[in-house]
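# Observations on the three-dimensional arrangement
Single-letter residue listing:
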Amino acid sequence: MAIENLIETLKILSDGNSYSGEEIGKRLGIGRAAIWKIISQLREKGLQIESVKGQGYKLLDNVEMLDENTIKADLKDNSFDEIITLNQTASTNSYLSSQFTDSTKNLACIAENQTGGRGRNNRSWISPFARSIAMSVRWH
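Residues numbered from 1 in each chain as written. Predicted model: local features only at pLDDT ≥ 70, side-chain atom pairs only at ≥ 80, totals over all residues. Heavy atoms only, no water.

## A look at the side chain of glutamate 112
For the record, the criterion: Each helix corresponds to a stretch of at least 4 residues labelled H or I by DSSP, and each strand to a stretch of at least 2 residues labelled E; elements are numbered beginning at the N terminus. The classification of residues rests on relative accessible area computed with a 1.4 Å probe and restricted to protein chains. Under 20% of the type maximum is buried, over 50% is exposed, and intermediate values are partly exposed. In this charge count, Lys and Arg are treated as positive and Asp and Glu as negative; neither His nor the chain ends contribute. When a carboxyl oxygen of Asp or Glu is within 4 Å of a side-chain nitrogen of Lys or Arg, the pair counts as a salt bridge. Two N or O atoms form a polar contact when they lie within 3.5 Å of each other; inside protein one atom must be a possible hydrogen donor and the other a possible acceptor, and for residues adjacent in sequence the pair counts only when both atoms belong to side chains. Contact criterion: two residues are considered in contact whenever any of their non-hydrogen atoms come within 4.5 Å of each other.
Relative to the elements of secondary structure, glutamate 112 occurs in strand E4 (residues 107-118). For the buried glutamate 112, no salt bridge is present, and the opposite-charge side chain at shortest range is lysine 11, 7.2 Å distant. At 2.5 Å, the side chain of glutamate 112 forms a polar contact with the backbone nitrogen of leucine 66. Glutamate 112 has contacts with Ile7, Met65, Leu66, Leu86, Asn87, Ser127, Pro128, Phe129, Ala130 and Ser132, leaving out every residue within four places of it along the chain.

## Focus on the confidence of the model for the protein
As a reminder of what qualifies: pLDDT expresses how confident the predictor is about each individual residue, on a scale running from 0 to 100.
With 99% of its residues at a pLDDT of 70 or more, the protein shows a mean pLDDT of 87. Within the protein, the element-level pLDDT minimum falls on strand E5 (residues 124-127), averaging 72, and the maximum on helix H2 (residues 21-28), averaging 95.

## Topic: the pairing of strand E3 (residues 82-89)
What counts, and what does not: A strand pair is defined by DSSP finding two or more bridges across the two strands. Handedness is read with the strands pointing away from the viewer; a crossover is right-handed when the path from the first strand over the helix to the second is clockwise.
Bridge count for E3 against E4 is seven bridges, and the pairing is parallel. Bridge pairing links threonine 85 to isoleucine 110 in E4. Where the polypeptide runs from E3 across helix H5 (residues 92-99) and back to E4, its parallel neighbour, the crossover connection is right-handed.

Laid out in structure tokens, this is it:
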């Protein structure tokens, strides 16, 4: 299942209201069976989602998804030339290094989910899905 569908489903549920599988499916352009699979995957990632017959799915966790416009609006200092938000990446640092090799811009790369990052002493730096923020900055 595409990470985009997980993110979009989570965005729908993040307001704390209940939504039927049919309603979520209509918004995403997919069937109820696919929504059931997405809900199962979100649960496997540790999110608490309640399922009530006749009411639908409800996210019990407080989740706020990354929003590039909100981040930019809340910055006191506009030092970044570009802020890149990603749903998922292996590494925010690797992303900046590979995509902006010749750039002279001040960049920030922020991801909802990082699957293969490296920290100090080459330790694994994994950010759980919708639970933290992985961020790298490239400063020129």
